[in-house]
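# Structural characterization, general
Each chain, letter by letter, is given below.
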Amino acid sequence: MTQDSDTLASGVGEYADTGAAPKTSNTSDDPWEGARNLIDGWQGGINIAHEALDRHVAQGHGDQIAIRWLGKDGSKQDLSYSDLSELASRFAHVLTAHGLSKGDSVFALMGRVPELYATALGTLKAGLIFTPLFSAFGPEPIRTRMEIGDAKVLVTTASIYKRKIAKWRSEIPTLQLVLIVGEGAPDDCVALGPSMAAANPTFETVKTAPEDPALIHFTSGTTGKPKGAVHVHNAVIYHAFSGSYALRLTPGTIYWCTADPGWVTGTTYGIISPLVNRVTMIVDEAEFDLDRWYSIIEKERVEVWYSAPTAIRMMMRAGNEAAANYDFSSLDFLASVGEPLNPEAVIWSQEVFGQPFHDNWWQTETGGIMIANRPGAEVRPGSMGKPLPGIEAAIVSETEDGFAELGDGEIGELALRPGWPSMMRAYLNEAARYQKCFKDGWYLSGDLAMRDTEGYFWFVGRADDLIKTSGHLIGPFEVESVLIEHEAVAEAGVIGVPDETAGERVKAYVTLNPGFDPDDALEQSIRGHARKKLGPAVAPRQIVFRNTLPKTRSGKIMRRLLKARELGLPEGDISTLETDET
Ligand code: ATP
Ligand code: MG
């Protein structure tokens, strides 16, 4: 049963607009039916690249722009679905010509250039496993990830290769082929450009099975050593569904996901889900720059924008005046993921963009959005929203009889009933760590949260970050959100430090908005504000001013690092650390 791509729009996108319950047929209560029907139609196989590209081309949409690429230097390049499909096919031929086959692992290490997208989709087309790494990683994080992922192929640039790989390449026994994007391929590598140009532009997509591995994604390393989460081709059902339902992606939508594909958001919702939903996606090669971002929204008429709290707080910090000269009237739906989104940011975005950012929650492990403030539904600032159709989420706690569900209003661990298509299938080489995530029929997320009486979920903190002071349990997010309400505070990271009488006391690290000086008077003013809002037991006793907070490259505040330093403990794995200025 071959279905038209519009089935997805009508079967799934429809209720994204109305906010109504998912449509199901009389014979099935499958919440992802629209997406599943669509992709089951392909001659028995299931392959992400087929769903993202081939299907659209076969259905006559080859001329639609798939990617509008914006180069750092101001250049622009449009790739249609046919163009991208052709590039992916050529790339797939390059792989097979070198004797690589199904199940082999292809690592990508480059900026957001068109070749990255061809690599991702060509790898999937050929039935190999795609593993993106963030291009700014140093040699050691690259090496350890390639080792545990049994890398057979690396696609990178000559400059990255020479600086970060060449020295130890020979020590990775699995690595057979290094493909170089751009000029200057060293002798022991292969230049990708000429190989692609010589390759056949059509490639019959490999008919992978639903459980064949497709992607390996490393977690952000916020809480410790990053884990390699393995995802399968069947995940595309959930990628199709969740993009349509929670991000309002429909054919032709102008969509911009600001995440780098080195992190799961940048692949699931920066490559797969948007293409499967046949949007036109904006890809910006450059890093965050306020004026550049605002003008991209204005010039490209971005309709759906998916970003992260760290960027949103940077925009807030720049103030409303910086936004005043831009036209944001194209924006139709805004969403955020990666960290808790402070209520202040939701209110601010409504004011400046005419739309609130819709917070949603998920993890590398879940492969797709699990909980969301979705289109058409009431947004509760500070809340992550409600579980998507087909997703059973609960707040659980360990009892003598195992993990049990808590009632509304109680704080516990956020848990999910396993079984949705994009759930990870393993942590690479870490079976025991993987097994530990599953208890009594639940997948345990490691995050603490609370559900209110109307079913909205509220993030409290990472389980490791919970603060216990004088019998109170405090989540850092609540305190941080109050701190950034203060006019001087741009960002805050809150930890618990040992205290003889209280057990732990709350300590805050903050960065300031432009124009504020870090002096005693300001510290007192911020502490006073927090005390008024939170009460003396919960408000931070001490505030430390910093230029930046330690953050992962995916933009998450590393509270464990603040704490380790406070306690004089080893820093642990800091392979993903980006900013860190005292
Ligand atoms: P690691 O698992 O290596 O410590 P990480 O958990 O930060 O790193 P990711 O999978 O990239 O790696 O991030 C998922 C985590 O990000 C969630 O478990 C949660 O703690 C946080 N997160 C994501 N979205 C939200 C959100 N909307 N609100 C609060 N926290 C969020
Ligand atoms: Mg995690």
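Residues numbered from 1 in each chain as written. Chains lettered and ligands numbered in written order. Predicted model: local features only at pLDDT ≥ 70, side-chain atom pairs only at ≥ 80, totals over all residues. Heavy atoms only, no water.

Now for the pattern of salt bridges. Tallied over the entire structure, the rule returns 39 salt bridges. As a salt-bridge pair, Arg417 and Glu392 come within 3.6 Å of each other at their nearest N and O atoms. You can see Arg417 sitting in the loop between β19 (411-416) and β20 (426-427) and its partner Glu392 sitting in the loop between β16 (386-387) and β17 (393-399), a full 25 residues away along the chain. Glu392 gets classed as partly exposed once you look at its relative accessible area, which sits at 38%. In this structure, Arg559 and Asp465 form a salt bridge, with 3.9 Å as the shortest nitrogen-oxygen distance. (Salt bridge = Lys/Arg side-chain N within 4 Å of Asp/Glu carboxyl O. Helix = DSSP H or I, 4+ residues; strand = E, 2+ residues; numbered from the N terminus. Buried < 20%, exposed > 50% of the residue type's maximum accessible area, 1.4 Å probe, protein only.)

Our next topic: the UniProt feature "domain: AMP-binding enzyme C-terminal" (unreviewed entry) in the chain. Those places that UniProt annotates as "domain: AMP-binding enzyme C-terminal" (unreviewed entry) correspond, in this numbering, to residues 478-556. Measuring from the first to the last C-alpha atom of residues 478-556 gives 16 Å, for a span that is 27% helix and 32% strand. (UniProt positions renumbered as here; feature names shortened; annotations may be inferred.)

Right, let's talk about the sheet that holds strand β13 (residues 333-336) for a bit. Taken in spatial order, the 9 strands of this open sheet run β2-β1-β11-β10-β12-β13-β14-β15-β16, and their pairing is mixed. With partners counted over all chains shown, the strands left at the sheet margins are β2 (76-80) and β16, one partner each. Pairing geometry for strand β12 (residues 304-307) and β13, over 4 bridges, is parallel. Bridge assignment links Ser307 to a residue of β13, and that residue is Ser336. (Pairing = 2+ DSSP bridges.)

Once that is clear, we can look at the site of ligand 1. As a matter of local geometry, ligand 1 sits amid 22 residues, with Thr219, Gly221, Thr222, Thr223 and Thr364 nearest to it. Here an oxygen atom of ligand 1 sits 2.7 Å away from a polar atom, N or O, in the side chain of Arg462. For ligand 1, the accessible surface in isolation is 630 Å², of which the surrounding protein chains cover 96%. Within the residue set of the shell around ligand 1, elements represented by two or more residues are β14 (357-361) and β23 (457-462). (Near = heavy atom within 4 Å. Polar contact = N/O pair within 3.5 Å; in protein donor to acceptor, adjacent residues only side chain to side chain. Areas by Shrake-Rupley, 256 points an atom, 1.4 Å probe, with all protein chains shown as cover.)

This part is about the layout of surface pockets. Picture a little ball the size of a water molecule; that probe, rolled over the atoms, points out where space is still empty. Roughly 320 Å³ of internal volume is contained in the second largest pocket. As for the second largest pocket, its lining consists of 17 residues, of which Met316, Glu344, Trp348, Ile484 and Asn513 are closest to the centre. Those elements that place two or more of their residues in the lining of the second largest pocket are α12 (309-318), α14 (343-353) and β26 (489-499). A breakdown of the residues in the lining of the second largest pocket according to their chemical character gives 6 nonpolar, 4 polar and 7 charged. (1 Å grid on protein atoms, 1.4 Å probe; cavity = no way out; pocket = protein on both sides within 12 Å on 5 of 7 lines; lining within 4 Å. Points joined across faces, edges and corners; volume = space filled by probe spheres on them. Nonpolar A, V, L, I, M, F, W, Y, C, P; charged D, E, K, R; others polar.)

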